[in-house]
Amino acid sequence: MEFIFITLFPELIEQACGHSIIKRAVDAGLLSVYCVNPRDFTTDKHRTVDDTPCGGGVGMVLKPEPFSAAIAVAKKRSPQGLIVALTPGGKTLCQKQVEKLAGQGQDLIFLCGHYEGFDERILEQADIKISIGDYVLTGGELPALVIMDAIARFIPGVLGKAASAEEESFSSSLLEYPQYTRPIDFEGAKVPDVLLSGNHAAIKRWRRKEGIRATYCFRPDLLAKANLEEGDGSLLLEIIEELKGKQNE
Ligand code: 4FL
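Residues numbered from 1 in each chain as written. Predicted model: local features only at pLDDT ≥ 70, side-chain atom pairs only at ≥ 80, totals over all residues. Heavy atoms only, no water.

1. Digging into the sheet that holds strand E2 (residues 32-36)
So, point 1. What the five strands build is an open sheet, ordered E2-E1-E6-E5-E7; its pairing is parallel. Pairing within the sheet leaves two strands with one partner each, and these edge strands are E2 and strand E7 (128-131). Between one strand and the next, the sheet's axes are offset by a mean angle of 35 degrees, whatever the strand orientation.
So, point 2. In this sheet, E7 lies alongside strand E5 (residues 82-92) in parallel orientation, the contact comprising five bridges. Residue pairing for E7: Val84 is matched across the bridge by Ile128.
So, point 3. Its contacts with the sheet put helix H3 (residues 64-77) on strand E1 (2-6), E2, E5 and strand E6 (108-111), and the angle it makes with E1 is roughly 165 degrees.
So, point 4. Against the sheet, helix H4 (residues 95-104) touches E5, E6 and E7, its axis set at about 140 degrees to E7. (Pairing = 2+ DSSP bridges. Helix = DSSP H or I, 4+ residues; strand = E, 2+ residues; numbered from the N terminus. Axes fitted to C-alpha atoms, helices over the stretch in contact; angles between N-to-C directions. Contact = heavy atoms within 4.5 Å.)

2. Description of the site of the ligand
So, point 1. Lining the immediate surroundings of the ligand are Leu86, Thr87, Pro88, Ile130, Ser131, Ile132, Gly133, Tyr135, Leu137, Gly139, Gly140 and Pro143.
So, point 2. One of the backbone nitrogen or oxygen atoms of Ile132 is found 3.0 Å away from a nitrogen atom of the ligand.
So, point 3. One of the backbone N or O atoms of Leu137 is found 3.0 Å from a nitrogen atom in the ligand.
So, point 4. Alone, the ligand offers 290 Å² of accessible surface; in the complex the protein occludes 95% of this.
So, point 5. Listed by contribution, the elements that provide at least two residues to the shell around the ligand are E5 and E7.
So, point 6. With three residues, E5 is the largest single contributor of residues to the shell around the ligand. (Near = heavy atom within 4 Å. Polar contact = N/O pair within 3.5 Å; in protein donor to acceptor, adjacent residues only side chain to side chain. Areas by Shrake-Rupley, 256 points an atom, 1.4 Å probe, with all protein chains shown as cover.)

3. Observations concerning the nonpolar core
So, point 1. In terms of nonpolar packing, the biggest core is built from 28 residues, with Phe3, Phe5, Leu108, Phe110, Ile147, Met148 and Ile151 touching the most fellow members.
So, point 2. Elements with a minimum of two residues in this core: E1, helix H2 (20-27), E5, H4, E6 and helix H6 (141-152).
So, point 3. Of all the elements, H6 adds the most residues to this core, at seven residues.
So, point 4. Not counting the four nearest positions on each side in its chain, Phe5 is found in contact with Ile13, Val33, Tyr34, Cys35, Val36, Phe110, Cys112, Ala144, Leu145 and Met148.
So, point 5. If you look at the next biggest cluster of nonpolar residues, it comprises 18 residues, including Ile6, Leu8, Ala70 and Ile71. (Core = buried A, V, L, I, M, F, W, Y, C linked by side-chain atoms within 4.5 Å. Buried < 20%, exposed > 50% of the residue type's maximum accessible area, 1.4 Å probe, protein only.)

4. Comments concerning the packing of aromatic side chains
So, point 1. This structure, assessed with the given rule, holds three aromatic pairs.
So, point 2. Ring geometry for Phe5 against Phe110: centres 5.1 Å apart, planes inclined by 45 degrees, an arrangement best described as tilted. In this pair, Phe5 sits in strand E1 while Phe110 sits in strand E6, placing the two residues 105 residues apart along the sequence. Here the two residues Phe5 and Phe110 agree in accessibility, since each one is buried.
So, point 3. Each ring, one from Phe67 and one from Phe118, has its centre 5.7 Å from the other, and the planes form 85 degrees; the classification is edge-to-face. Linking Phe67 in helix H3 with Phe118 in the loop between E6 and helix H5 (120-123), this pair joins segments that are 51 residues apart in sequence.
So, point 4. You can call Phe118 buried: its relative accessible area is 12%. (Phe/Tyr/Trp six-rings, centres within 6.5 Å; stacked < 30°, edge-to-face > 60°.)

In structure tokens form, the structure reads like this:
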């Protein structure tokens, strides 16, 4: 799978891909990263990529010609590539969408804007528009890297065997249970006894319960659409009783 970034700041992408798991995946040929810089397609002396907004107002708008030329190059390299525009006006990214894009295995062509917005005629060339959340950034590079990172985890071989099973965590729509490692006593804060008990059934139950507790306390919105199992209802009732007890302390 190839990720093509249409960006005025290719160094940002190259730097981000030069570490850890993504670097290893690139070196192993499991995925590839390619940048196209719209500035290389400008024809004026100052290599201008933006201009003032038609109709007036503050700020600048990214000119269509350099971006259109960059899209043409990206499309020539990957005719089947899906053009993804990063914009606060896009659909908010979620794990389901990540899994869908990963499953399609289609190359992705990320359209990254900077400072101000794209000319609408460039946005019209995008197959999909994605936002990574309701906030404004200085550019689309970080959102594009976020999407690539989330997809890369699903490409076979990118994660170790042990880690890939962990995929279930978000798919079940529950938050992770708390994890501990040694020391057993860290500055007076102890690892829960059950995790040291060797009782696998008890540990499994505790983890499920704590995953439900974390979700109930911090992301109740996730609980509504979680893949709950037999027995989860009584764990939740226990949690609610415990929380009531704490309130009355
Ligand atoms: C893109 C923010 C996607 C959130 C500025 C330029 C953005 C963004 N998701 N802000 N692009």
